[in-house]
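Notes for the structure review
For reference, the chains in residue letters:
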Amino acid sequence: MEVGFLGLGIMGKAMASRLLKHGFRVTVWNRTLSKCEELVEQGASIGETPALVVKKCKYTIAMLSDPAAVLSVVFDKDGVLEQISEGKGYIDMSTVDAETSSKISEAIIKKGGSFLEAPVSGSKKPAEDGQLIILSAGDKALYEVILPVFDVLGKKSFFLGEVGKGARMKLVVNMIMGSMMNALSEGLCLADKSGLSPQTLLDVLDLGACSNPMFKLKGPAMIESKYPPAFPLKHQQKDMRLALCLGDEHAVSMPIAAASNEAFKKARSHGLGDLDFSAVYEIVKGTAPSGNAA
Ligand SMILES: NC(=O)C1=CN([C@@H]2O[C@H](COP(=O)(O)OP(=O)(O)OC[C@H]3O[C@@H](n4cnc5c(N)ncnc54)[C@H](OP(=O)(O)O)[C@@H]3O)[C@@H](O)[C@H]2O)C=CC1
Ligand SMILES: O=CCCC(=O)O
């Protein structure tokens with residue numbers, strides 16, 4: 001199967017690379033075209049624009065940063081919409097809100113194409129290892145056809161129904177994750193300031209009901225103030241913002257998520273947006289450097 005892939009950031013690069021390793025023919029595009037070179041070395045072809053990728057491939061996947069990026073890649077000049085047509089499928093795996101996803105779905109369907117949203121849970125390493133959790137919604141027939149691709153990228157694929165349900169599920173999950181990261185940061189800080197060992201706190205947490213892979217993976221690096229970006233903080237803040245909008249829409253009061261969003265926003269204003277989202281710990285500790293927003 002030949003697959004187009006738009007967006008070679010942390011996630012897109014790992015996912016496209018995995019598809020190549022598993023025998024798919026992949027045509028890649030990235031806004032910064034030079035980032036395609038590493039994939040070309042692994043056997044990918046380059047499409048000069050999103051439109052040219054869609055022209056060449058029956059199925060095209062996108063993994064882009066945010067609503068502005070996914071809308072631009074579909075609707076702008078040389079975008080997906082110029083070449084999408086009957087028989088072609090577009091699968092957007094980016095994390096965006098349901099409204100953005102629906103706008104894209106409607107435009108693709110109007111041109112005769114089919115659309116699936118399929119945001120993922122799991123970060124850089126699960127993407128490299130094919131261990132993502134795929135939250136798809138939209139065209140069921142396209143879901144069935146693209147399952148061999150999902151089986152290489154993920155450990156479990158869900159089909160959740162009409163467009164918007166995948167986007168909303170992903171935002172709810174990341175809202176919880178962002179709040180948990182803030183709670184862990186406060187706990188580490190409180191342990192340290194009150195004369196306890198943060199590492200011992202992690203050991204205790206890991207043995208009890210609060211044990212989870214995220215604390216286990218991120219906790220030790222946080223203690224050392226190391227934040228190599230797996231999930232960039234600016235994207236976590238985008239997800240908190242979109243989840244809070246969803247809460248507004250449904251009149252769900254979310255004071256914990258709102259406070260967490262403020263901490264992530266503050267981290268961005270201190271220039272921590274490109275670091276891993278665990279860098280919010282620097283804000284909780286009060287040790288963030290002054291810096292420019294990212
Ligand atoms: N990292 C993670 O752990 C996870 C991320 N996600 C979600 O996946 C998506 C991608 O994340 P990730 O790979 O980490 O992000 P990165 O920031 O590493 O990559 C973002 C990608 O989007 C492209 N891009 C940004 N703005 C535009 C634009 N205006 N037009 C065209 N392309 C654009 C970038 O191109 P360029 O290279 O030119 O900047 C790059 O290819 C996000 O929605 C994120 O929330 C979901 C699960 C886990
Ligand atoms: O959207 C990013 C999610 C990161 C993760 O699930 O570990």
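Residues numbered from 1 in each chain as written. Chains lettered and ligands numbered in written order. Predicted model: local features only at pLDDT ≥ 70, side-chain atom pairs only at ≥ 80, totals over all residues. Heavy atoms only, no water.

Looking up the protein chain in an unreviewed UniProt entry gives the name Glyoxylate reductase 1, with the organism given as Rhynchospora pubera. The UniProt entry for the protein chain carries the following comment under Sequence similarities (unreviewed entry): "Belongs to the HIBADH-related family. NP60 subfamily." Regarding the protein chain, the UniProt comment filed under Function (unreviewed entry) reads as follows: "Catalyzes the NADPH-dependent reduction of glyoxylate to glycolate as well as succinic semialdehyde (SSA) to gamma-hydroxybutyrate in vitro. May function in redox homeostasis and play a role in oxidative stress tolerance by detoxifying glyoxylate and SSA generated in glycolate metabolism and GABA metabolism, respectively." (UniProt positions renumbered as here; feature names shortened; annotations may be inferred.)

1. Things to note about the overall build of the protein chain
For the protein chain, the count of helices and strands is 13 helices and 9 strands. By the compact-globule yardstick of 19 Å for 294 residues, the protein chain fits well, its C-alpha radius of gyration being 20 Å. In terms of its C-alpha atoms, the protein chain occupies a principal-axis envelope of roughly 65 × 45 × 40 Å. Taking all 294 residues of the protein chain together, the buried fraction comes to 50%. Taking all contacts inside the protein chain whose residues are at least 6 apart in sequence as the whole, residues at least 24 apart take part in 65%. For the protein chain, the accessible area works out to roughly 13400 Å², and carbon and sulfur atoms hold 56% of it. For the protein chain, the separation between the mean place of its 33 positive charges and that of its 33 negative charges on side chains is 2 Å. (Helix = DSSP H or I, 4+ residues; strand = E, 2+ residues; numbered from the N terminus. Rg over C-alpha atoms; globule rule 2.2 N^0.38 Å. Buried < 20%, exposed > 50% of the residue type's maximum accessible area, 1.4 Å probe, protein only. Contact = heavy atoms within 4.5 Å. Areas by Shrake-Rupley, 256 points an atom, 1.4 Å probe, with all protein chains shown as cover. Lys, Arg positive; Asp, Glu negative; His and termini not counted. Charge placed at Lys NZ, Arg CZ, Asp CG, Glu CD.)

2. What to know about the state of the cysteines
In protein structure, a disulfide is the covalent linkage between the sulfur atoms of two cysteines. Using the criterion set out here, one finds 0 disulfides in the structure. We note that Cys-57 lacks a disulfide partner, and the nearest cysteine sulfur, in Cys-36, lies 13 Å from it. You can call Cys-57 buried: its relative accessible area is 0%. No disulfide involves Cys-210; its sulfur sits 18 Å from the nearest other cysteine sulfur, which is in Cys-189. (Disulfide = S-S within 2.5 Å.)

3. Topic: the UniProt feature "domain: 6-phosphogluconate dehydrogenase NADP-binding" (unreviewed entry) in the protein chain
Sequence positions flagged by UniProt for "domain: 6-phosphogluconate dehydrogenase NADP-binding" (unreviewed entry) are, in local numbering, residues 2–161. Between the end C-alpha atoms of residues 2–161 the distance is 26 Å, and the span holds 41% helix and 24% strand.

4. Let's talk about the site of ligand 1
Around ligand 1, 26 residues are found, and the nearest of them are Asn-30, Thr-32, Lys-35, Ser-123 and Ala-230. Within the side chain of Arg-31, a nitrogen or oxygen atom sits 2.9 Å from an oxygen atom of ligand 1. Measuring from an oxygen atom of ligand 1, one finds a side-chain N or O atom of His-235 at 2.9 Å. When ligand 1 is considered free in solution it has 900 Å² of accessible area, and contact with the protein chains removes 88% of it. Within the residue set of the shell around ligand 1, elements represented by two or more residues are α1 (10–21), α4 (67–75) and α11 (233–249). Here the residues of the shell around ligand 1 sort into 12 nonpolar, 10 polar and 4 charged. (Near = heavy atom within 4 Å. Polar contact = N/O pair within 3.5 Å; in protein donor to acceptor, adjacent residues only side chain to side chain. Nonpolar A, V, L, I, M, F, W, Y, C, P; charged D, E, K, R; others polar.)

5. Focus on a nonpolar patch on the surface
Residues Leu-33, Val-40 and Ile-46 make up a contiguous nonpolar surface patch of about 210 Å² in total accessible area. Along the chain, Val-40 turns up in helix α2 (residues 37–41). (Patch = residues over 30% accessible without salt bridge, like charges linked within 9 Å, V, L, I, M, F, W, Y side chains within 5 Å. Salt bridge = Lys/Arg side-chain N within 4 Å of Asp/Glu carboxyl O.)

6. Comments concerning the site of ligand 2
Around ligand 2, a shell composed of Ser-121, Gly-122, Ser-123, Lys-170, Asn-174, Met-177 and Phe-231 is seen. In the model, an oxygen atom of ligand 2 is placed 2.8 Å from a nitrogen or oxygen of the Lys-170 side chain. Between ligand 2 and the protein, one listed contact pairs an oxygen atom with a side-chain N or O atom of Asn-174 at 2.8 Å. The element contributing the most residues to the shell around ligand 2 is helix α8 (residues 165–193), with 3 residues. A breakdown of the residues in the shell around ligand 2 according to their chemical character gives 2 nonpolar, 4 polar and 1 charged.

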